[in-house]
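Okay, here's what each chain looks like letter by letter:
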Amino acid sequence: MDQQPPGDRAAAGSGVPMPTCYRHPDRETGISCTRCGRPICPECMVSASVGFQCPDCVRQGSGTGHHPAASRPRTLAGGSVAADPRLVTKILVGINLAVFLLVSVRPALVGDLTLLGLAWDPSPPPGSVEGVAEGQWYRLVTSMFLHQEVVHIGFNMLGLWWLGGQLEAALGRSRYLALYLLSGLAGSALTYLIAAPNQGSLGASGAVYGLFGATAVLMRRMNYDMRPVLVLLAINMVFTFTWGGIAWEAHVGGLIAGVVIAIGMVHAPSERRTAVQVGACALVLLASIGIIVARTMSLT
């Protein structure tokens, strides 16, 4: 491929297509890196002594004189590019598997960690009232990492690995972790609101469905073919509402939260990106807390 001189733009009306940024294929640009010659958009340009350089060349040591953080390459959502783009996903999978092994050895823990609105537990005598409405707020989170069946955890971890790695690379670690946890919390909150108070619920499905929703938003943002993920999501939604024993509320709550957060993450304008992203996460968090408080008041 011939290199384009820095600043060279296609002549108006010439019919020659503008090159696109090598990191953002949907953005046309007339600027190229002075070291490698690859086209770069304004977001990826790093000032050099002569012209501009791309994040990869800067990371390899361009000597621009900037603070290292100013030259650090960023993800689509503004996060730092990590050496291991799946680290958080690996940790989340590890936590889920560790909890699964723990409850396999100590089955009694399932009753202590399951999402439960309000129910009477007769054992041990004389019994007690258990549930989120009794102040056991931790159940909203612990249930997100709790599985009892091999098939259940197998499907959820497969979805987490397949969707999570791509999202972690695109969003960055902290934003991805916020997406996962808030989607799971939203799923727990909707389950707490709608399901019967004495109906137990567990699993990472709410968080995984949040990743589904975020993946659809990201693919739309990158102008990718959305049909594969939409077909897969449709199939999963059919199972959600047709198979027995599935907490559909967690799936729907997580999916909605994932879409809302992802829109804020990938569509935030660069000049106020952090504020918009924090605002989207805060919106989901406050909505979840509001649902939890309202349900608790109705049960007590």
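Conventions adopted
Residues numbered from 1 in each chain as written. Predicted model: local features only at pLDDT ≥ 70, side-chain atom pairs only at ≥ 80, totals over all residues. Heavy atoms only, no water. Axes fitted to C-alpha atoms, helices over the stretch in contact; angles between N-to-C directions. Helix = DSSP H or I, 4+ residues; strand = E, 2+ residues; numbered from the N terminus. Parallel < 35°, antiparallel > 145°, perpendicular 65-115°, else oblique. Left-handed = near helix turned anticlockwise from the far one by under 90°. Contact = heavy atoms within 4.5 Å. Nonpolar A, V, L, I, M, F, W, Y, C, P; charged D, E, K, R; others polar. Phe/Tyr/Trp six-rings, centres within 6.5 Å; stacked < 30°, edge-to-face > 60°. Buried < 20%, exposed > 50% of the residue type's maximum accessible area, 1.4 Å probe, protein only. Lys NZ or Arg CZ within 6 Å of the ring centre and 35° of its normal.

A. Representation of the packing of helix H3 (residues 87–105) against helix H6 (residues 150–171). Running from N to C, H3 and H6 cross one another at 165°; their axes reach a closest spacing of 8 Å. The orientation of H3 with respect to H6, classified from their angle, is roughly antiparallel. Classified by chirality, the crossing of H6 by H3 is right-handed. Touching Leu 87, Val 88, Thr 89, Lys 90, Leu 92, Val 93, Asn 96, Leu 97 and Phe 100 of H3 are Val 150, Ile 153, Met 157, Leu 160, Trp 161, Gly 164, Gly 165 and Glu 168, all from H6. Looking at side-chain class alone, the contact of H3 with H6 contains eleven nonpolar, four polar and two charged residues.

B. Just the packing of aromatic side chains, in detail. Tallied over the entire structure, the rule returns one aromatic pair. Pairing Tyr 209 with Phe 212 gives two aromatic rings, centres 5.6 Å apart and planes at 55°, and the pair type is tilted. Highlighted residues: Tyr 209 and Phe 212, both in helix H8 (residues 205–221), separated by three residues, approximately one helical turn. Both residues of the pair, Tyr 209 and Phe 212, count as buried. Over the ring of Tyr 22 we find Arg 38, and its NZ or CZ is 4.0 Å from the ring centre.

C. Quick peek at the environment of His 251. Topologically, His 251 is positioned in helix H10 (residues 248–267). Placed ten residues apart in sequence, His 251 and Phe 241 show a C-alpha to C-alpha distance of 9.9 Å. Excluding its chain neighbours within four sequence positions, the residues that come into contact with His 251 are Ser 205, Tyr 209, Thr 240 and Ile 246.

Such coordinate-based values are descriptive only and should not be taken to indicate function.
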